[in-house]
Amino acid sequence: MKTETIHPAKALSGPLELPGDKSISHRYAMLAALADGTSELRNFAAARDCHSTLGCMKALGAEVKVEGTTVKVTGRGLHGLKSSWRSLDAENSGTTIRLLSGILSGQEFTTRISGDASLQKRPMKRVVAPLRQMGADIRAKDDNFAPLEIRGGKLRAIHYEMPMASAQVKSAVLLAGLYTVGITQVTEPAKTRDHTELALEEFGANIEKRGRTIAIHGLIANNGKPVLQPKSLDVPGDLSSAVFFVAAASLLPESNLYIANVGLNPTRSAILDFFQQMGASVSVQNLQSWRGELIGDLAVKGAQLKGGVISGDLVPLLIDELPMLAALGPYTEQGIEIRDAGELRVKESDRIAALAENLKRMGAKLEERADGLRVEGRSAGKLHGAEIDPHGDHRIAMAFAVAGLAAEGDTKILDADCAGVSYPTFFAELRRLAG
Ligand code: S3P
């Protein structure tokens, strides 16, 4: 377990290139494994999570070659996966286990899939319930937790009204929808990231979108014809990783940061609007489209941040950015309030509890609530360095590393290696840019 020490800094400056987007990399890897032929995925995420997905696809019979940040995946078609004699290991990755559950539900064999201690505590009923409605036979520990045992087979198309706004649940149902005769529909209570829809279209599936309903035409009826085509794709830089650097550069007055080729999909980029509303100096340059995904460069300078409230439909659009925003709270004028975000309690850690505990260690004033927290702003006093326990959660480790840059004294991030789940070179890049 490695501890990283964060020293106070005055600026975060220089150019930064990010590893590929985690969400997009998972989807490209899974769909490439279902296509007929070899896909080339460039700037594939360095995130440990995405390599968990690659490990699972390999165990299911896809050929996977990793050459630096380029990954070549050879799939043998929608019906070409093979049963794995050993249990699949999604490690820490909720996206891997939930999305793959959709694909495994369509296979004519049984698969066991599990993950690490954190993943085994996260709710799976949310994917198990709709997949059972589609006809999959799934066993789960206490009917809600991994390990999952999935007996797949012929599936029925359903129209699923999702009880919660979750891109992972939507994606599991859409991926299972590939294996039905007919049209599977999913209606979301609020918009969530749409990388699955875009990736499915890119690989050749037939998707229709009407408001908050997404429909996919089943491909099982294609009688063995290749249905998903292999692709050569570039993965945009991960905006959710960029956000830690946007936050750090905003916090430190003399910053001048330039981040190239960042994914700016509108279902992810609400965080940039929020930063701008808070008074941050963030501008987007060279906006372009890569196979349905928007990308651009970000230029960030130091600024005085106002703070604000995040609630309602905004929550799913910046769900992964909430730890960083909460940890910025004490440096803002009005503080940060997060509401309607009970989902944060079932992420890689209970993020509300982990934020409250570590913010208090640094001297912040806050109120912890069931569905969020209210963190007081600058007038409640300056933060001081402390020992931070990220509870094995990459985003908690990175959020407090950033908070530590503007605190009085040094901050120690315990078990800092957990950042590798999404960003293995995070601390090295932070040190480089903070001089
Ligand atoms: C993700 C969806 C979100 C997000 C997670 C990645 C995805 O989870 O928090 O980090 O790639 O689909 P939920 O679907 O649970 O909201």
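Since we're looking at a predicted model, the values are computed, not measured.

Remarks on the overall build of the protein
Reasoning step 1: Looking only at helices and strands, the protein has 13 helices and 25 strands in total.
Reasoning step 2: Computed over the C-alpha atoms, the radius of gyration of the protein is 21 Å, within 12% of the 22 Å expected from 2.2 N^0.38 for a compact globule of 435 residues.
Reasoning step 3: Residues classed as buried in the protein amount to 60% of the 435 residues present.
Reasoning step 4: Sequence-distant contacts in the protein: of pairs separated by 6 or more residues, those separated by 24 or more amount to 77%.

Topic: the site of the ligand
Reasoning step 1: Neighbouring the ligand are the residues Ser23, Arg27, Thr95, Arg98, Ser166, Ala167, Gln168, Arg193, Ile319, Asp320 and Lys347.
Reasoning step 2: A distance of 2.7 Å is found between an oxygen atom of the ligand and a side-chain nitrogen or oxygen belonging to Ser166.
Reasoning step 3: Ala167 places a main-chain nitrogen or oxygen 3.0 Å from an oxygen atom of the ligand.
Reasoning step 4: Alone, the ligand offers 390 Å² of accessible surface; in the complex the protein occludes 94% of this.
Reasoning step 5: In a pocket analysis with a 2 Å cut-off to the grid points, the ligand is assigned to the largest pocket.
Reasoning step 6: Listed by contribution, the elements that provide at least two residues to the shell around the ligand are α1 (22-34), α3 (94-104) and α5 (167-177).
Reasoning step 7: Partitioning the shell around the ligand into residue classes produces two nonpolar, four polar and five charged.
Reasoning step 8: In this structure, the shell around the ligand is formed jointly by two domains, domain 1 (4-20 + 236-434) and domain 2 (22-234), each of which donates at least three residues.

Observations concerning unusual backbone geometry
Reasoning step 1: Look at the link from Ala146 to Pro147: it is a cis peptide, with omega at 5°.
Reasoning step 2: With respect to the element layout, Pro147 can be found in strand β9 (residues 145-151).
Reasoning step 3: In this model, Asn261 sits at a positive phi of 55°, which is unusual for a non-glycine residue.
Reasoning step 4: Unusually for a residue other than glycine, Arg291 sits at a positive phi of about 45°.
Reasoning step 5: Mapped onto the secondary structure, Arg291 falls in the loop between β18 (281-290) and β19 (293-301).
Reasoning step 6: Of the residues examined, Arg291 reaches a relative accessible area of 43% and is grouped as partly exposed.

Thoughts on empty space enclosed by the protein
Reasoning step 1: Inspection of every chain in the model, using the stated rule, returns one cavity of 30 Å³ or more.
Reasoning step 2: Looking at the largest cavity, the residues that line it are Asp21, Ile24, His195, Gly237, Leu239, Gly263, Leu264, Asn265, Arg268 and Glu293.
Reasoning step 3: Classifying every residue of the lining of the largest cavity by side-chain character gives three nonpolar, four polar and three charged.

Concerning the domain arrangement of the protein
Reasoning step 1: Parsing the protein into structural domains produces domain 1 (4-20 + 236-434) and domain 2 (22-234).
Reasoning step 2: The straight-line distance from the C-alpha centre of domain 1 to that of domain 2 is 29 Å.
Reasoning step 3: Tallying the contact residues gives 30 residues for domain 1 and 31 residues for domain 2.
Reasoning step 4: Taken together, both faces of the contact between domain 1 and domain 2 bury some 2500 Å²; the carbon and sulfur share is 47%.
Reasoning step 5: On the surface where domain 1 and domain 2 come into contact, there are four salt bridges.
Reasoning step 6: Taking the shortest distance from any N to any O, the salt bridge between Arg126 and Glu343 comes out at 2.9 Å.
Reasoning step 7: Class assignment for the residues of the side of domain 1 that touches domain 2 results in eleven nonpolar, eight polar and eleven charged.

Calculation rules
Residues numbered from 1 in each chain as written. Predicted model: local features only at pLDDT ≥ 70, side-chain atom pairs only at ≥ 80, totals over all residues. Heavy atoms only, no water. Helix = DSSP H or I, 4+ residues; strand = E, 2+ residues; numbered from the N terminus. Rg over C-alpha atoms; globule rule 2.2 N^0.38 Å. Buried < 20%, exposed > 50% of the residue type's maximum accessible area, 1.4 Å probe, protein only. Contact = heavy atoms within 4.5 Å. Near = heavy atom within 4 Å. Polar contact = N/O pair within 3.5 Å; in protein donor to acceptor, adjacent residues only side chain to side chain. Areas by Shrake-Rupley, 256 points an atom, 1.4 Å probe, with all protein chains shown as cover. 1 Å grid on protein atoms, 1.4 Å probe; cavity = no way out; pocket = protein on both sides within 12 Å on 5 of 7 lines; lining within 4 Å. Sits in = over half its atoms within 2 Å of the grid points. Nonpolar A, V, L, I, M, F, W, Y, C, P; charged D, E, K, R; others polar. Domains from an automatic or database assignment. Points joined across faces, edges and corners; volume = space filled by probe spheres on them. Buried area = accessible area lost by both parts, 1.4 Å probe. Salt bridge = Lys/Arg side-chain N within 4 Å of Asp/Glu carboxyl O.

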